Amino acid sequence: MRGFITKKATILIPWTHPTLNLRHPTLESFVWNNLIRSTTLQPPLSIYLRMRRHAVVPDLHTFPFLLPSLTHLPLAHSLHAHTFLFGLHTRPFTQTSLIAMYSSCGCLNSARQVFDEITLPDTPSYTAVIHAYCKGGMVDIARRMFDQMTDKNVLSYSCMINGYVKCGEHAAALGLFRNLLALEGSGAGSEIKPNEFTFSAVLSACAKLGALQHGKWVHAYIGRCGMRIDVVLGTALIDMYGKCGDVERARCVFDEIGHDEKDVMAWSAMICAFAMHGRTEECLEMFGRMVDDGVSPNAVTFVGILCACVHGGLVREGDEFFKRMVTEYSVRPLIQHYGCMVDLYGRAGRIDDAWNVVKSMPMEPDVMIWGALLSGARMHGDIETCEVSIKKLLELDPSNSGAYVLLSNVNAKLGRWREVRHLRELMEARGIKKVPGCSLVEIDGVLHEFFVGDDSHPETQDIYRMLDEIMKRLKRQGYVGDTSEVLLDLDEEGKESALSLHSEKLAIAYCFLKTRPGTTIRIVKNLRICKDCHVAIKMMSREFNREIIVRDCNRFHHFKNGVCSCKDYW
Ligand code: ZN
Ligand code: ZN
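Note that the coordinates shown come from a computational prediction; the quantities given were computed from them, not determined experimentally.

## Things to note about the overall build of the protein chain
And then number 1: Along the backbone of the protein chain there are 29 helices and 6 strands.
And then number 2: On the principal axes, the C-alpha backbone points of the protein chain span a range of 90 × 60 × 55 Å.
And then number 3: Charge separation in the protein chain, taken as the distance between the mean sites of 65 positive and 65 negative side-chain charges, equals 2 Å.

## Overview of the coordination of the zinc ion (ligand 1)
And then number 1: Those donors, H502 (ND1), C530 (SG) and C533 (SG), are the protein atoms that reach the zinc ion (ligand 1), and they lie 1.9 to 2.3 Å from it.
And then number 2: Coordination of the zinc ion (ligand 1) draws on donor residues from a single chain, spaced H-x27-C-x2-C in sequence. Taken as a pair, H502 in the loop between α27 (492–500) and α28 (503–514) and C530 in the loop between β3 (521–525) and α29 (531–543) lie far apart in primary sequence, 28 residues in all. Each of the two residues, H502 as well as C530, counts as buried.

## What about the domain arrangement of the protein chain?
And then number 1: Here the protein chain is described as being made up of domain 1 (333–435) and domain 2 (438–564).
And then number 2: Relative placement of domain 1 and domain 2: their C-alpha centres are 27 Å apart.

## A few points about a nonpolar patch on the surface
And then number 1: Together, V367, M368 and L396 make up an exposed nonpolar region whose accessible area comes to about 290 Å².
And then number 2: One can find L396 in helix α23 (residues 383–396).

## A closer look at the pairing of strand β1 (residues 438–443)
And then number 1: The element β1 is extensively covered by neighbouring structure, given that 6 of its 6 residues are classed as buried.
And then number 2: Residues C438, L440 and E442 point to one face of β1 and S439, V441 and I443 to the other, with burial holding for every one of them.
And then number 3: Examined bridge by bridge, β1 and strand β2 (residues 446–451) share 6 bridges and lie antiparallel to one another. Each bridged residue has a counterpart across the sheet, and for E442 the counterpart in β2 is L447.
And then number 4: Connecting β1 to the next strand, β2, in antiparallel fashion are 2 residues, including D444 with a positive phi near 50°.
And then number 5: Sheet topology note: the β1/β3 ladder contains 2 bridges and is antiparallel. Bridge pairing in β3 places L440 opposite V524.

## What to know about the coordination of the zinc ion (ligand 2)
Geometrically, a metal with four donors at the corners of a regular tetrahedron has ideal angles of 109.5 degrees, and one with six donors at the corners of a regular octahedron has ideal angles of 90 or 180 degrees.
And then number 1: At 2.0 to 2.2 Å from the zinc ion (ligand 2) lie its protein donor atoms, namely H534 (NE2), H557 (ND1), C564 (SG) and C566 (SG).
And then number 2: Binding-site remark: the zinc ion (ligand 2) is held by donors from one chain whose sequence spacing is H-x22-H-x6-C-x1-C.
And then number 3: Since its relative accessible area comes to 8%, C564 is described here as buried.

Reading the values: rules and limits
Residues numbered from 1 in each chain as written. Chains lettered and ligands numbered in written order. Predicted model: local features only at pLDDT ≥ 70, side-chain atom pairs only at ≥ 80, totals over all residues. Heavy atoms only, no water. Helix = DSSP H or I, 4+ residues; strand = E, 2+ residues; numbered from the N terminus. Lys, Arg positive; Asp, Glu negative; His and termini not counted. Charge placed at Lys NZ, Arg CZ, Asp CG, Glu CD. Donors = N, O, S within 2.8 Å, 3.2 Å for Na, K, Ca; no water. Buried < 20%, exposed > 50% of the residue type's maximum accessible area, 1.4 Å probe, protein only. Domains from an automatic or database assignment. Patch = residues over 30% accessible without salt bridge, like charges linked within 9 Å, V, L, I, M, F, W, Y side chains within 5 Å. Areas by Shrake-Rupley, 256 points an atom, 1.4 Å probe, with all protein chains shown as cover. Salt bridge = Lys/Arg side-chain N within 4 Å of Asp/Glu carboxyl O. Pairing = 2+ DSSP bridges.

Right, dumping it as structure tokens:
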């Protein structure tokens, strides 16, 4: 019977099929169970209710497909009662799906309660409760449960790794993946081989961290396992290479995916990779090829296309794509698309048009929208718009430290010193701290993290000495610190030293210490790169003949021979 459950079968509607003997009890529930499982047109619950109306008794295969689809807690409780009614509540299948059901309803306590009532929890029930905790953001508890398991399998590993990724703990995800591989190498008789799901989760961790060497290694490992790179794995690889700053490799993977196999996700991943790197022409060319190939673009594709227009400053083209998206491809604009449009107009200095987009949106503008409007307004000195958007930002997210700082800068520019003081007091009263700038570099497969003004690295003295030397050489070439983006309350000298301690400068100094001349330097930064660092890194790339690639929170900057790929438009 179990075999039937996992096989996909085309099911005929039972009451229209002449040869089915519906009075046969197991056959009857078998047909209904399959209907519940394969329904796409109706909610499984409605089929279950019809099944009950026909007086068919549910069996142990009924609930596993039905329960996880429920998201409404009172209904979940009723169905839980049904499992008691039919004496199925102690069946392992049912218990696991009850955990999944409460997890879908967002009710972690009940999920845990079901789990605790199981005398001997098996691997699936452990995995279900781990998944529930990860989904609820309680990744530490999930890990404790995971460590308790005696019989882990590839699913439980994948679930835990994926949980780390979803909760933003990417380094922990890579760590657990390494544990899994060490298990295999230890010869302890463990036969857990990572599968597509494991690799997809690990690759997305590498992408988030910008850990190119790790990502490359995973790619090679997939090859060694003899696993075919299908379109799903291929898309994960394209995304990883794109986000790790190696768009050429992303392109190679893309070209290796079979022509007929490429779906809209694979095309979109490649389009987004080009967009992030400011390679607007190639991005638009890709789009043309995709459409010629008969693949219909979706919402993700257009996020990529509009981003490319934003980074390339192509206002007219972006405008056109936005219109075509709706009229030609019937893609309903999401908030991300509106965000791109606000960004597009804002950067180009067309603040009125940006405002019109905000007013025309059918949904409530979120922090991304106000943030985009703010950065455009800042760039073009529209203080009024700045003020409005910062206030909106603070309404939506009162802990947004950056917004407080910006608002006090705006007030300072207007000479409203009382407001400036008030804001500072407010920040202190609310216990709001600035998000520290943080840069990540990967050297010989080890990730090093640098915070602004960091002195916690074991080689910190050498790093500062190196940084000092670099800055001296830049100054001889005419570098002067651009302090216009630093907090107001520092004096000029303080401002300059605060600048030279920005995390990306520390990270670059470390790379100069640790890598051979000529090696490309790759850095991932959590905030937007500041004007001063941008100028300094441009000069470094020429002065020391190094290619330096920085991913900030918006996009990639490729610094080479004293110029940046963003053409100073970021
Ligand atoms: Zn900086
Ligand atoms: Zn740049």
